[in-house]
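Single-letter residue listing:
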Amino acid sequence: MPDRVADADWWRGAIIYQIYPRSFQDSDGDGIGDLAGATRRLDHLAHLGVDAVWISPVFRSPMRDFGYDVADYCDIDPLFGSLEIFDAFVKRAHGLGLRVIIDLVFSHTSDQHPWFTESRQARDGPKADWYVWADANAAGEAPNNWQSVFGGKSWEWSPEREQFYLHNFLKEQPDLNLHNGAVQDALLDALRFWLDRGVDGVRLDVVNFYFHDAELRSNPILAERPAGAADSVNPYDWQDHLYDKNRPDTVAFLKRMRAVLDSYGGRTSIGEISDSQYGLSLQAAYTSGGDRLHMCYEFSLLSGHYPGAEGLHDLIAEYEGGIEDGWACWAHSNHDVDRVASRWSLGADQQRLHAGILLSLRGTACLYQGEELGLHQADVPFEALQDPFGRAFWPDFKGRDGCRTPMVWEAGAHNAGFSDGKPWLPLEGKHLPQAVDQQRGVSDSLYEHYRSMIAYRKARPALAHGQVELLPKHPSCLAFIRRSGSEEILCAFNLSSNTVEVRVPGEGWTVDTASPFGGTLGGQFGQIGAYDALFAIRKTSLR
């Protein structure tokens, strides 16, 4: 079992592997992945070399949003197993040296949660204001212009109370009213429940949605849409979200949550900030000072726009200049966006290169299941689509199912070893040649490249924990120095299809042959082949 006391800062520079449990491994033949199946496959994570596993929600739920609509914060949905099976999952993970991070959804619940069942019955009572209720306006319509992320107004009429309730996502996901201290207390009790069961951290879904404007003011309409929303078909992206999320009240609650986590020792928190307009400033506000979140999930590399060398340089410069004393959790893929191989149209060599970049950035790194195999976005036809987001905006937006199809374990096995039954989403046949058994032990496979890069990062403290110094911008080469104590590592990545020559700053550098890349040094210059990288090392006097 990991020693939490001896390494309370284990999360800094850690490598986290995200499991989407419905699609990882099925153990009972119903076509849906579960905890027993995930437990069986934890050896894969240990062999890969990651530090922790983040598992998306497995709580009791009607599954309208596949677990992100929670009906009981303190129980496991039978679809995934039981509390006893969850405990076995944690025990096995700890036995393999892996820490466990669960996904808590504190912004909203399912409309089948007992809290909401009670709240919607009447305007008085102990839980009457546990959710966000509002009267109709003078025209008998919703109280303001707030929009749901999943389409349409974010207000739903309740005949029982003759009021509207707020839902930032599905109408079956009513928003909790965290202005109510009793709601905060109940959520913190749920957090303690899982910490008592041995989890090592929490990933907090849409943390910037926790609070709403108490006056229910309408959002301004954007005069010009931000880059990420310029082509959006969703009216949600046309507003300046000043009042339905991103409220300053959030910080005080995060401090309460951090105090609970710190009281257990060696636990961590990752906040998801879903915002294309104010993401970096919110990260700084939510992670600075050492008494709020430990880190935030950074969305910059989840964009559909390929940044290139200069774009990555600018992104890192902006981040390092704005995060203050905060800490990022970087990711290329997750369960909500197209897989990076498709999103950025990356070939095999480019995927190797971007794995090297991700695992060299200052921060914690997160890998999404199948990313280590180089899986592309699956093509899921409309008739097989499960995602309500995709069904609402088809065909302009095809939803998130294409990144959630079953994991491919054995190319020749039934359903690639995922399930004996019919998978809940169709298996992507094009993934079979990339199955785990086709790559494990194959020296030039992407999987083995990830293993090598992870091992290299762990062997170099400067990569895991050090500071970063960007070198001058180059049209095709991203270069920076990672520094910790007397160790300096030069990291230079050629994002072009041509060999490039880069000037090496100062003297005393030697090629670090422990890295899985092939760049060379000659005098004051480094030579880097197409989609390759140079890692060089030197020792200096302590700074």
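**Some points on the overall build of the chain**
A count of helices and strands for the chain gives 14 helices and 21 strands. Scaling as 2.2 N^0.38, a compact globule of 543 residues should have a C-alpha radius of gyration of about 24 Å, and the chain matches this with 23 Å. When the backbone C-alpha atoms are referred to their principal axes, the chain occupies close to 75 × 50 × 50 Å. Put simply, the chain has 543 residues, and 61% of those count as buried. By sequence separation, contacts in the chain at least 24 residues apart represent 71% of the contacts at least 6 residues apart. Here the chain has roughly 20,000 Å² of accessible surface; of this, 49% comes from carbon and sulfur atoms. The chain carries 50 positive and 75 negative side-chain charges, and their two centres are separated by 4 Å.

**What to know about the environment of Glu-141**
By the secondary structure assignment, Glu-141 is in the loop between strand S6 (133–134) and strand S7 (155–158). Judged by its relative accessible area of 49%, Glu-141 is partly exposed. Once residues within four sequence positions are removed from consideration, Glu-141 is found in contact with Ala-136 and Phe-164.

**Remarks on empty space enclosed by the protein**
Under the defined criterion, the tally for this structure stands at two cavities of 30 Å³ or more. When its volume is computed, the largest cavity comes out at roughly 90 Å³. In terms of lining, the largest cavity is formed by 13 residues, of which the most central are Val-340, Ala-341, Gln-351, Glu-371 and Tyr-450. Listed by contribution, the elements that provide at least two residues to the lining of the largest cavity are helix H9 (340–343) and helix H10 (348–358). At three residues, H10 tops the list of elements feeding residues into the lining of the largest cavity.

**Thoughts on the pattern of salt bridges**
Counting across every chain of the model gives 34 salt bridges. Notably, a salt bridge pairs Asp-87 with Arg-197, separated by 2.7 Å at the nearest N-O pair. Pair noted here: Asp-87 is in helix H3 (residues 83–95) and Arg-197 is in the loop between helix H5 (181–196) and strand S9 (201–204), with a separation of 110 residues, a long-range link. One network of salt bridges, in which partners are shared, links Asp-65, Asp-336, Asp-387, Arg-400 and Arg-404.

**With respect to the side chain of Arg-400**
By secondary structure assignment, the location of Arg-400 is in the loop between helix H11 (388–393) and helix H12 (436–439). Beyond its immediate chain neighbours, meaning those up to four positions away, Arg-400 contacts Asp-65, Phe-150, His-335, Asp-336, Asp-387 and Phe-389.

**Examining the sheet that holds strand S5 (residues 99–104)**
As summarised here, the arrangement of the eight strands in space is S1-S2-S5-S9-S10-S11-S12-S13, forming a closed barrel in which the pairing is parallel. Here the strands of the sheet are splayed against their neighbours by 25° on average, with no regard to which way each runs. Of the pairings in the sheet, the one linking strand S11 (residues 295–298) to strand S12 (residues 328–331) comprises three bridges and is parallel in character. Among the inter-strand pairings, Tyr-297 is bridged to a residue of S12, identified as Cys-329.

**Structural notes on the sheet that holds strand S20 (residues 525–528)**
The three strands lie next to each other as S17-S20-S19, forming an open sheet whose pairing is antiparallel. Because the sheet does not close on itself, it has two edges, and the strands there are strand S17 (500–503) and strand S19 (520–522). With strand direction ignored, the average angle separating the axes of adjacent strands in the sheet is 30°. With three bridges connecting them, S19 and S20 associate as antiparallel partners. Its bridge partner being in S20, Gly-522 is matched across the sheet by Phe-525.

**With respect to the packing of aromatic side chains**
Each aromatic ring pair is described using two quantities: the centre-to-centre distance and the angle formed by the ring planes. On inspection of all chains with the given rule, the structure shows 33 aromatic pairs. Considering the side-chain rings of Phe-24 and Trp-409, the 5.1 Å spacing of their centres and the 80° angle between planes classify their relative orientation as edge-to-face. Remark: Trp-409 occurs in the loop between H11 and H12 and Phe-24 occurs in the loop between strand S1 (15–19) and helix H1 (35–40); sequence separation between them is 385 residues. Pair check on accessibility: Phe-24 and Trp-409 agree, each one buried.

**Details of the packing of H10 against helix H13 (residues 446–459)**
Two elements in contact, H10 and H13, have axes whose closest approach is 10 Å; the angle formed by their N-to-C orientations is 20°. The angle between H10 and H13 places the two elements in the roughly parallel class. Read as a crossing pair, H10 and H13 show a hand that is right-handed. Listed contacts from H13 to Gln-351, Arg-352, Ala-355, Gly-356 and Leu-358 of H10 are Leu-446, His-449, Tyr-450, Met-453 and Arg-457. When the residues that make up the contact of H10 with H13 are grouped by side-chain class, the tally is five nonpolar, three polar and two charged.

**Quick notes on the nonpolar core**
Judged by nonpolar contacts, the single largest core of 110 residues is most densely connected at Ile-102, Leu-191, Tyr-210 and Phe-493. Excluding its chain neighbours within four sequence positions, the residues that come into contact with Tyr-210 are Phe-106, Ser-107, Leu-176, Leu-178, Leu-204, Asp-205, Thr-250, Phe-253, Leu-254 and Met-257. Grouped together as the second largest cluster of nonpolar side chains are 16 residues, Ile-16, Ala-52, Trp-327 and Cys-329 included.

**Some details on the pairing of strand S15 (residues 477–484)**
Consecutive side chains along a regular strand alternate between the two faces of the sheet. The element S15 is largely enclosed, with a buried count of seven among its eight residues. Pairing of strand S14 (residues 467–470) with S15, which is carried by four bridges, proceeds in the antiparallel orientation. By the bridge assignment for S15, Leu-470 is matched with Phe-480. Once S14 ends, the chain turns through six residues before running back antiparallel as S15. Bridge count for S15 against strand S16 (residues 487–494) is eight bridges, and the pairing is antiparallel. For Ser-484, the partnering residue across the bridge sits in S16 and is Glu-487.

Rules behind the numbers
Residues numbered from 1 in each chain as written. Predicted model: local features only at pLDDT ≥ 70, side-chain atom pairs only at ≥ 80, totals over all residues. Heavy atoms only, no water. Helix = DSSP H or I, 4+ residues; strand = E, 2+ residues; numbered from the N terminus. Rg over C-alpha atoms; globule rule 2.2 N^0.38 Å. Buried < 20%, exposed > 50% of the residue type's maximum accessible area, 1.4 Å probe, protein only. Contact = heavy atoms within 4.5 Å. Areas by Shrake-Rupley, 256 points an atom, 1.4 Å probe, with all protein chains shown as cover. Lys, Arg positive; Asp, Glu negative; His and termini not counted. Charge placed at Lys NZ, Arg CZ, Asp CG, Glu CD. 1 Å grid on protein atoms, 1.4 Å probe; cavity = no way out; pocket = protein on both sides within 12 Å on 5 of 7 lines; lining within 4 Å. Points joined across faces, edges and corners; volume = space filled by probe spheres on them. Salt bridge = Lys/Arg side-chain N within 4 Å of Asp/Glu carboxyl O. Pairing = 2+ DSSP bridges. Axes fitted to C-alpha atoms, helices over the stretch in contact; angles between N-to-C directions. Phe/Tyr/Trp six-rings, centres within 6.5 Å; stacked < 30°, edge-to-face > 60°. Parallel < 35°, antiparallel > 145°, perpendicular 65-115°, else oblique. Left-handed = near helix turned anticlockwise from the far one by under 90°. Nonpolar A, V, L, I, M, F, W, Y, C, P; charged D, E, K, R; others polar. Core = buried A, V, L, I, M, F, W, Y, C linked by side-chain atoms within 4.5 Å.

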